[in-house]
Amino acid sequence: RLELRCERDGADGAELRLDAHPSLAVSRAALLPPPGGPGDAAGRALPVESRPFASYGSALHIALPQAPRAGQLLTLLIDYEAGEGPGVCWLSPEQTAGKQKPYMYTQGQAVLNRSFFPCFDTPSVKFTYSATVKVPEGFTAVMSATSWEKQKDNTFVFKMSQPIPSYLIALVVGDIVSADVGPRSRVWAEPCLIEAAKKEYDGVIEEFLVVGEKLFGPYVWGRYDILFMPPSFPFGGMENPCLTFVTPCLLAGDRSLVDVIIHEISHSWFGNLVTNATWGEFWLNEGFTMYAQRRISTEVYGLPYTCLEAATGRALLRQHMDATGEDHPLNKLRVVIEPGLCVNPDDTYNETPYEKGYCFVSYLAHLVGNQSKFDAFLQAYVNRFKFQSITADDTLGFFLEYFPELKEKGVDSIPGFEFDRWLNTPGWPPYLPDLSLGQQLMRPAEELAELWAADSLNMEAIEAVDIMGWRTYQLVYFLDQVLQKSPLPEGNVKRLSKMYPKISKAQNAELRLRWCQIVLKNNLEAEYNKVKDFLHSQGKQKYTLPLYRAMWGGSEATRALAMETFSATAPQLHVNVQNYVKKILGLAAAE
């Protein structure tokens, strides 16, 4: 049921167009009488027709009896059936952690929720919602909602009282249980994972929320719960309000990956509260969130560690731009998504909006030149645009209005750093924030990588370095350096593997990814099974695609490994990830 208000008198005639999907079967549309007014409760049936729109969806055309007037309220009822589309994921028991019961979840970002329900599937429109969900005995339903209650007959009632864009509506049904980990937080997971989830996250979420509120203003969503998804979930996290979905890869056992949660928490202000009006300006969500994440991390873990984490982010941006070419049109902050062109908004998902976006926000902070003044600006920005969807022009206009002295100076058009260049020119960021404080953690990692890349190994010098105390991102940085220097001289990687079981036998997914990349780049056939095991254990896009790229770009043996692994794991992957892998392996014509 859609409750609509007509914004203005339109010349568009008496037609409503909604986003839908060929997999969505609409049986009836009707106009309901005004609440309390005369008329048939079943409503007046309306002609409805589905027409092609783009590769990722169709348009639902509903004929209204007459053109609505500005301010008029309409209530529309649409009877439909969904479930086969890309936004609704059905997992067989073997795709779950518990392997006992099936599971379903929805994933809306960027344009997939149109296959879950007919809607205005654009981040420029925000609305509240409620839902009643009936599920079989032995299953629990949860949604991204500010309130939920369980009623009889295993029926759950949800209400989201704050306006959100369509992509943030999410539903999960599975054999899931919860445990409290803070005053406004609980973790949800399959029963076999709940103990690990509670142990890993007990007490930490509240600490991050409190720092976020201090920096960016009140947390407006009430609860902040985390749902640990089955291993096939394609993302690190999805910031569905009140209920963040995360990969079970975050259960490293040593809290070494909790900073991914800082990223999702930061979306509570940047993305969920202030939202990009179009997917072509995705950096407004992700660049600001990366900046916010690193502000919280600096407060909690200190600047050197945060600089080190940001350096690994910069390395990912470098890898991405080397792979695509710097001047690829997706390497702009403002990507053109034209109706009818083949750019699917989902394809804007890459390192550029995150890391180049982070550099642009850092550049704005650099122009201000004072951290507490920039923090105050961010708080004012959130307050000014909360519950709205905005463009980069809104953001940058507000920045210049907030700092009139900078506007006076013409900071938007400094040669080489023009705001327009940041937005519309592809390539490497014109400004890079200073990460030199990370040097105290990076230098030992760089020196150790140098030692391992030597033709004859200086074992005395290598043994003098104790990596047992290094935190995840220091190890990640070390492995990134080793990967850059690969292939290493014959035999070195084998010795490295033996010397550091902390790395070569790690359970931490970030370390496993890099170790697998090193194994492939150095043709260490004895450890190809680790690549296979890692790809069997999870289906996260960020870990899966680079490994298939590395296998496909390697030897005959690694290409065979890629084919063998994909044919075994394809059914447990998310459909988008399956398609991306097919593209890499040349199994499907790219859309």
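Fair warning: this is a prediction, and the values are worked out from it, not measured in the lab.

Caption draft 1: Representation of the domain arrangement of the protein chain within the structure. Here the protein chain is partitioned into domain 1 (1-82), domain 2 (83-268), domain 3 (276-434) and domain 4 (439-585). The centre of domain 1, based on its C-alpha atoms, is set 37 Å off from the matching centre of domain 3.

Caption draft 2: The arrangement of the sheet that holds strand 15 (residues 177-182) in detail. Spatial strand order, 15-16-17-19-18: five strands in an open sheet with mixed pairing. Strands at the two margins of the open sheet, each flanked by one partner only, are strand 15 and strand 18 (237-238).

Caption draft 3: Spotlight on the UniProt feature "binding site: a peptide" (unreviewed entry) in the protein chain. In the numbering adopted here, UniProt assigns the feature "binding site: a peptide" (unreviewed entry) to Gln 107, Gly 108, Gln 109, Pro 234, Phe 235, Gly 236, Gly 237, Met 238, Glu 239, Lys 540, Gln 541 and Lys 542. Position of Gln 109 among the secondary structure elements: in the loop between strand 9 (103-106) and strand 10 (126-134). Relative accessible area serves as the criterion here: at 12%, Gln 109 is assigned to the buried category. Aside from chain neighbours lying at most four places away, what touches Gln 109 is Tyr 167, Met 238, Glu 239, Trp 279, Phe 282 and Asp 346. Within the element layout of this structure, Pro 234 appears in the loop between strand 17 (225-228) and strand 18. Sequence-distant contacts of Pro 234, defined by excluding residues within four places in its chain, comprise Tyr 105, Gly 539, Lys 540, Gln 541, Lys 542, His 574 and Val 577.

Caption draft 4: How the structure looks around the sheet that holds strand 8 (residues 88-91). An order of 8-9-14-11 is seen for the four strands of this open sheet, with the pairing classed as antiparallel. The open sheet has two edge strands, strand 8 and strand 11 (140-143), and neither has a second partner. For this sheet, the mean inter-axis angle between neighbouring strands, taken without regard to orientation, is 10°. Here strand 11 pairs with strand 14 (residues 171-174) via four bridges, running antiparallel.

Caption draft 5: Broad picture of the pairing of strand 17. What you see with strand 17 is no split at all: Asp 225 and Leu 227 on one side and Ile 226 and Phe 228 on the other are buried throughout. Examined bridge by bridge, strand 16 (residues 185-189) and strand 17 share two bridges and lie parallel to one another. When the bridges of strand 17 are listed, Val 187 appears paired with Ile 226. In this sheet, strand 19 (residues 243-246) lies alongside strand 17 in parallel orientation, the contact comprising four bridges. Across the sheet, Leu 227 pairs through a bridge with Phe 245, a residue of strand 19.

Caption draft 6: Up close: the nonpolar core. Tyr 201, Phe 399 and Phe 478 are the most contacted members of the largest nonpolar core, which totals 173 residues. With residues up to four places along the chain from it excluded, the contact list for Phe 399 reads Leu 364, Leu 367, Val 368, Phe 374, Phe 377, Leu 406 and Phe 419. Counting residues in hydrophobic clusters, the runner-up holds 13 residues, among them Leu 4, Leu 16, Leu 31 and Leu 74.

Caption draft 7: Main features of the UniProt feature "binding site: Zn(2+)" (unreviewed entry) in the protein chain. What UniProt calls "binding site: Zn(2+)" (unreviewed entry) maps, in this numbering, to His 263, His 267 and Glu 286. Taken along the chain, the residues just named run across 24 residues; in space they keep tight, none of their C-alpha pairs more than 9.2 Å apart. Structurally, His 263 can be placed in helix 3 (residues 259-266). Apart from the residues within four sequence positions on either side, His 263 is in contact with Glu 286, Thr 289, Met 290, Gln 293 and Tyr 354. Within the secondary structure, Glu 286 is located in helix 4 (residues 283-301). With sequence-adjacent residues up to four places away left out, Glu 286 is seen in contact with Glu 239, His 263, His 267, Pro 353 and Tyr 354.

Caption draft 8: Structural detail: the packing of helix 16 (residues 509-521) against helix 18 (residues 541-552). Relative to each other, helix 16 and helix 18 sit at 5°, their axes nearing to 10 Å. Relative to helix 18, the element helix 16 lies roughly parallel. Each of Ala 509, Glu 510, Leu 513, Cys 516, Gln 517 and Leu 520 in helix 16 lies in contact with helix 18, whose residues at this interface are Lys 542, Tyr 543, Pro 546, Leu 547, Ala 550 and Met 551.

Caption draft 9: Structural detail: the packing of aromatic side chains. This structure, assessed with the given rule, holds 51 aromatic pairs. When the ring of Phe 235 is compared with that of Tyr 349, the centres are 5.6 Å apart and the planes differ by 75°; the resulting orientation is edge-to-face. On the criterion of sequence distance, the pair formed by Phe 235 in the loop between strand 17 and strand 18 and Tyr 349 in the loop between helix 5 (303-324) and helix 6 (351-368) is long-range, its members being 114 residues apart. With 5.4 Å between their ring centres and 85° between their planes, Phe 377 and Phe 399 make a pair best called edge-to-face. With Phe 377 in helix 7 (residues 371-385) and Phe 399 in helix 8 (residues 392-402), the pair connects residues that are 22 residues apart, well separated along the chain. Classification of Phe 377 by relative accessible area gives buried; the value is 0%. Phe 399 sits in the buried class, given a relative accessible area of 0%. Just above the ring of Tyr 301 sits the side chain of Arg 471; from NZ or CZ to the centre is 4.8 Å.

The rules behind each value
Residues numbered from 1 in each chain as written. Predicted model: local features only at pLDDT ≥ 70, side-chain atom pairs only at ≥ 80, totals over all residues. Heavy atoms only, no water. Domains from an automatic or database assignment. Pairing = 2+ DSSP bridges. Helix = DSSP H or I, 4+ residues; strand = E, 2+ residues; numbered from the N terminus. UniProt positions renumbered as here; feature names shortened; annotations may be inferred. Buried < 20%, exposed > 50% of the residue type's maximum accessible area, 1.4 Å probe, protein only. Contact = heavy atoms within 4.5 Å. Axes fitted to C-alpha atoms, helices over the stretch in contact; angles between N-to-C directions. Core = buried A, V, L, I, M, F, W, Y, C linked by side-chain atoms within 4.5 Å. Parallel < 35°, antiparallel > 145°, perpendicular 65-115°, else oblique. Phe/Tyr/Trp six-rings, centres within 6.5 Å; stacked < 30°, edge-to-face > 60°. Lys NZ or Arg CZ within 6 Å of the ring centre and 35° of its normal.

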